[in-house]
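Coordinate analysis (summary)
Chain by chain, the residues run as shown.
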Amino acid sequence: MTSSTASAAGEYLSFTLGDEHYGVDILKVQEIRGYDAVTRLPDAPEYIKGVINLRGTIVPVIDLRLKLRLAEARYDSFTVMIVLNVENRVVGIVVDSVSDVVPLADEQVRATPEFGAAVDTRFIAGIGTLDEKMLILLDIETLLDSADLVDAPLLEVAA
């Protein structure tokens, strides 16, 4: 069963990247922290900001805005790091701000539209509708398992 056919109902931590609202399964969230300085790794892709030491665990930090090829990331007092536990790996994602936890029922989740080869939608589990707002629901496992992250040497440290 692929993520697009799986039930996407549940609770999501909503956050923003630019003007768009995204959601990640609340069960994957370990903690939410303010954005701290990270230790940059040489020769890492631009979206891998580096690593942090989180209570003895070395955690890779990914700027989600850069990973998803959105506008240039800005860091301010609202910038937040969401620490996720995905497939027994701990990883931090940097987002513009965190909103709240949003419960979504089956009827509030729509399938990801098909755009053909022009748009890569592998990382999108669906579109949540909440009043007038749309929430892009990320398939965080697929996003973090994409070949460029699996091959990144720093993820071996965190495993």
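Data block above holds the structure.
Each chain carries its own residue numbering, running from 1 in the direction its sequence is written. Residue-level local features of this predicted model are given only where pLDDT is at least 70; pairs of side-chain atoms are given and counted only at 80 or more, and the full residue set underlies all totals for whole chains, interfaces and linings. Heavy atoms from the whole structure form the basis of all side-chain values; hydrogens and water molecules are not counted.

1. Some thoughts on the side chain of S14
Mapped onto the secondary structure, S14 falls in strand β1 (residues 10-17). To sort residues, take the accessible area from a 1.4 Å probe on protein chains only and compare it with the maximum for the residue type: under 20% means buried, over 50% means exposed, and anything in between is partly exposed. S14 sits in the buried class, given a relative accessible area of 0%. We call two residues in contact when some of their heavy atoms are within 4.5 Å. Among residues more than four places away in sequence, those in contact with S14 are Y22, G23, V98, S99, D100, V102 and L135. What counts as a helix is a DSSP run of H or I of at least four residues, what counts as a strand is a run of E of at least two, and both are numbered from the N terminus.

2. Brief notes about the side chain of T79
By secondary structure assignment, the location of T79 is in the loop between α1 (64-67) and β6 (80-86). A polar contact of 2.8 Å, which involves the side chain of T79, links it to the backbone nitrogen of D76. Not counting chain neighbours up to four residues away, the residues in contact with T79 comprise G34, Y35, R74, V94, V95 and D96. Any N or O atom pair separated by 3.5 Å or less is treated as a polar contact, with the protein-specific requirement of one donor-capable and one acceptor-capable atom, and with residues adjacent in sequence counted only for side-chain atom pairs.

3. Examining the nonpolar core
Ranked by internal contacts, the top residues of the largest apolar core, which has 28 residues, are F15, L64, I82, L84 and V95. Taken together, the elements giving at least two residues each to this core come down to β1, β2 (20-25), α1, β6, β7 (89-95), β11 (133-138) and α2 (140-145). If sequence neighbours within four positions are ignored, V95 has contacts with F15, T16, L17, L64, T79, V80 and I82. What makes a nonpolar core is a set of buried Ala, Val, Leu, Ile, Met, Phe, Trp, Tyr and Cys residues whose side-chain atoms join them at distances within 4.5 Å.

4. Notes on the pairing of strand β4 (residues 48-54)
Along any regular strand, the residues point their side chains to alternate faces of the sheet. A large share of β4 lies buried, amounting to six of its seven residues. At least two bridges found by DSSP between two strands are what make those strands a pair. Both β4 and strand β5 (residues 57-63) contribute to a ladder of six bridges, which runs antiparallel. Counterpart to I48 in the pairing with β5 is I62. As consecutive antiparallel partners, β4 and β5 are separated by two residues, and within that stretch R55 has a phi angle of approximately 50 degrees, a positive value.

Functional significance is not addressed by these values, which are geometric in nature.
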